[in-house]
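# Fold and geometry: a report
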Amino acid sequence: MRTRPARRIHPAWWAAAVTFLALVGAAGFRAVPGVLMDPLHDEFGWSISTISLATAVNMALYGLTAPFAAALMERFGIRYVVTAALVVVAAGSGLTVFMTASWQLVLCWGVLVGLGTGSMALALVATVTGRWFVARRGLVSGVLTAGGAAGGLVFLPLVSQLAAAHGWRPAALAVAVAALAVAPFVLWLLRDRPRDIGVTPYGGTEADDVEPVRTGAARIALRALGTAARTGPFWYLAAGMMICGATTMGLIQPHFIPAAHDHGMPPTTAAGLLALVGIFDVAGTIASGWLTDRVDPRLLLLAYYVLRGLSLLALPWLFGPHIEANMLAFIVFYGLDWVATIPPTMALCRELFGAAAPVVFGWVFASHQVGAALMAFGAGIVRDELGTYDTAWYAGGVLAVVAGVLSLLVRRMRVPAPV
């Protein structure tokens, strides 16, 4: 009697797994500013707005690097770009332990870590899902997006405990080691394309494995921007993503812990709440990816943004020295909504811009980080000038509702894609 051969796991799932690991490793240091803001202020006497400037540079470069990183992945391959990016992240986070001036904080924390993490931004998600998956793209996009967003938040309790017990330097080094430890797995398991190992994309055929463009990475990125910028949908998506970044990575991630501390909550407790955001973000983003395969992405974006705006308008009334049920409700909702916007936005880019979608999405995501940078710096100024974050929360709430309206203006029509 002949036995049936064991069913082999499709290599696309291994590519997705190691991409998830890389995104989680890179996310760690991006989340550290919120935990270390008070320790840096206490040791060096730097103002909240000065520390927020380094965070803003980090976030801006994280976004602006993404479209060029997507093009570099076409030119040099995913493995080498991601490995180099992890090394840069580790160097930037590790070198902060030697800094003595605020410009060094901007250089290490802002420039190096921003460039490194930007090379593994959500353009990496778009590239991997576009190359390796035809079936389950929305679901895989949701899982990978959750890894990139939740990874940093889940790191927060560990970083906060290390900073409280041993100072901020061991905490920064721990994150550097975590990012560096991922590099060998990337070199070992991540392949550039299905054809490299003799398979087809998951759920697709050989025709779905498009030949990569090997020349002119910068030209590819700029040409994609030039073509996309001549269409209205690009600007609506970019504006929505700018507000998305402002109301998550720019506002909540760096400023929630110091804001909670202003109301008497211990930083370690506030860090634990943000870790819960990261945990629920995984569920919310995966669910959003599943819904994106079935529901009009514009309607999903409308719901996500409007509900986010309403929750931010309520946040100033929820802070206190202890965790109450209403604050837990906010944390659970914000976690589910954190980057649930990414899978539908990515799906619209794929629908509108075809093969150029990864690079175009890189530019859309760049606007996400520009919004995050502006809000991170602006909220720091608000806190320094007014002594409270309340105005920043209200502004974020109004902007989120505007983003929901912009999402409905996206016309589901195909536009010419750059060659």
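Up top is the structure.
Keep in mind it's a predicted model, so treat the numbers as computed, not measured.

### A few points about the packing of helix α13 (residues 297–314) against helix α15 (residues 342–353)
Contact pair α13 / α15: the axes reach a minimum separation of 9 Å and the direction vectors enclose 150°. Taken together, the axis directions place α13 and α15 in an arrangement best described as roughly antiparallel. Here the hand of the crossing between α13 and α15 comes out left-handed. Within the contact between the two elements, α13 uses Pro-297, Arg-298, Leu-300, Leu-301 and Tyr-304 and α15 uses Pro-344, Thr-345, Ala-347 and Leu-348. Of the residues that constitute the contact of α13 with α15, the class distribution is seven nonpolar, one polar and one charged.

### Section: the side chain of Gln-104
Relative to the elements of secondary structure, Gln-104 occurs in helix α5 (residues 102–118). Taking the relative accessible area as the measure of exposure, Gln-104 reaches 19% and is therefore buried. Once residues within four sequence positions are removed from consideration, Gln-104 is found in contact with Phe-98, Met-99 and Trp-109.

### Structural notes on the pattern of salt bridges
Tallying each qualifying case throughout the model produces four salt bridges. Residue Arg-169 pairs with Glu-43 through a salt bridge whose shortest N-O separation is 2.8 Å. Residue Arg-169 is located in helix α8 (residues 168–189), and its partner Glu-43 is located in helix α2 (residues 32–44); the two are separated by 126 residues in the primary sequence. On the accessibility criterion, Arg-169 (30% relative accessible area) is partly exposed. According to the relative accessible area criterion, Glu-43 is partly exposed, its value standing at 40%. A salt bridge links Asp-337 to Arg-308, with the shortest nitrogen-to-oxygen separation between them at 2.7 Å. Within this pair, whereas Asp-337 is found in helix α14 (residues 325–337), its partner Arg-308 is found in helix α13, the two being separated by 29 residues in sequence. Since its relative accessible area comes to 3%, Asp-337 is described here as buried. Arg-308 gets classed as buried once you look at its relative accessible area, which sits at 0%.

### So, the packing of helix α11 (residues 252–262) against helix α16 (residues 357–386)
Where α11 contacts α16, the axes come no closer than 10 Å and their chain directions differ by 20°. With respect to α16, the axis of α11 lies roughly parallel. The way α11 lies across α16 gives a crossing that is left-handed. Mapping the contact onto sequence places Pro-254, His-255 and Asp-262 in α11 and Met-375, Ala-376, Ala-379, Gly-380 and Arg-383 in α16.

The rules behind these values
- Residues numbered from 1 in each chain as written.
- Predicted model: local features only at pLDDT ≥ 70, side-chain atom pairs only at ≥ 80, totals over all residues.
- Heavy atoms only, no water.
- Axes fitted to C-alpha atoms, helices over the stretch in contact; angles between N-to-C directions.
- Helix = DSSP H or I, 4+ residues; strand = E, 2+ residues; numbered from the N terminus.
- Parallel < 35°, antiparallel > 145°, perpendicular 65-115°, else oblique.
- Left-handed = near helix turned anticlockwise from the far one by under 90°.
- Contact = heavy atoms within 4.5 Å.
- Nonpolar A, V, L, I, M, F, W, Y, C, P; charged D, E, K, R; others polar.
- Buried < 20%, exposed > 50% of the residue type's maximum accessible area, 1.4 Å probe, protein only.
- Salt bridge = Lys/Arg side-chain N within 4 Å of Asp/Glu carboxyl O.

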